[in-house]
Amino acid sequence: MEALTIVLDVLSWLGVGLLIFFLWRIARFYERSSNETAYSWLFLPPMLLLPAGAVFYLIEDPSFVQSMGGDVLLFIGGGLLLVASVLLHQVMMGER
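My aim in this report is to walk through the structure given alongside it, one point at a time. (Residues numbered from 1 in each chain as written. Predicted model: local features only at pLDDT ≥ 70, side-chain atom pairs only at ≥ 80, totals over all residues. Heavy atoms only, no water.)

Focus on the nonpolar core
Considering soluble globular proteins, one finds that nonpolar side chains tend to be buried as a cluster.
Now for step 1: Counting 17 residues, the largest nonpolar core has Ala38, Phe43 and Leu50 as its most contacted members.
Now for step 2: Counting residues per element, the ones that place at least two in this core are α1 (2–34), α2 (44–60) and α3 (68–93).
Now for step 3: Filtering out sequence-adjacent residues up to four positions away, Ala38 remains in contact with Ala27, Tyr30, Glu31, Leu88 and Val91. (Core = buried A, V, L, I, M, F, W, Y, C linked by side-chain atoms within 4.5 Å. Buried < 20%, exposed > 50% of the residue type's maximum accessible area, 1.4 Å probe, protein only. Helix = DSSP H or I, 4+ residues; strand = E, 2+ residues; numbered from the N terminus. Contact = heavy atoms within 4.5 Å.)

Okay, here's the thing in structure tokens:
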């Protein structure tokens, strides 16, 4: 049963990584097509930090409970992803 949990965790985090990758590519495309800065580089740290936090949990405790290192990685990655997404939205929608 634990192996199934690990497989499902890995698949779900691969999906999260893929979605962040698509956001990064959208930002890069917008930068190139509009000649505006869309802060696409801000999507790169969350693309590394969130899976790193998930791997930290998978190695230490697959149940995602009480791991300070994993929590810090996920918190920082999520915060940076939020900032990058809001900035991309503002640039693409014309809000300054």
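From this point, the discussion proceeds with the structure in view.
A look at α1
Now for step 1: Taking 1.5 Å per residue as the helical rise, α1 with its 33 residues ought to reach 48 Å, and the 48 Å between its terminal C-alpha atoms agrees with that figure.
Now for step 2: Where α1 is buried, its residues touch α2 and α3.
Now for step 3: Immediately beyond the C-terminal end of α1, within one or two residues, lies Asn35, with a positive phi of roughly 55 degrees. (Expected span 1.5 Å × (residues − 1).)

Things to note about the environment of Asn35
Now for step 1: Of note, Asn35 is situated in the loop between α1 and α2.
Now for step 2: Under the relative-accessibility criterion, Asn35 is labelled exposed at 70%.

Some remarks on the side chain of Ser40
Now for step 1: The residue Ser40 is located in the loop between α1 and α2 in this model.
Now for step 2: Under the relative-accessibility criterion, Ser40 is labelled buried at 5%.
Now for step 3: With residues up to four places along the chain from it excluded, the contact list for Ser40 reads Trp24, Ala27, Arg28 and Glu31.

Quick look at the packing of α2 against α3
Now for step 1: Between α2 and α3, the least distance of the axes is 8 Å, while the angle of their chain directions is 155 degrees. Between α2 and α3, the angle is such that the two are roughly antiparallel. The way α2 lies across α3 gives a crossing that is left-handed. Only Gly69, Gly70, Asp71, Leu73, Leu74, Ile76, Gly77, Gly78, Leu80 and Leu81 of α3 make contact with α2, whose side of the interface consists of Pro45, Pro46, Leu49, Leu50, Ala52, Gly53, Ala54, Phe56 and Tyr57.
Now for step 2: For the contact of α2 with α3, the class distribution of residues is 13 nonpolar, five polar and one charged. (Axes fitted to C-alpha atoms, helices over the stretch in contact; angles between N-to-C directions. Parallel < 35°, antiparallel > 145°, perpendicular 65-115°, else oblique. Left-handed = near helix turned anticlockwise from the far one by under 90°. Nonpolar A, V, L, I, M, F, W, Y, C, P; charged D, E, K, R; others polar.)

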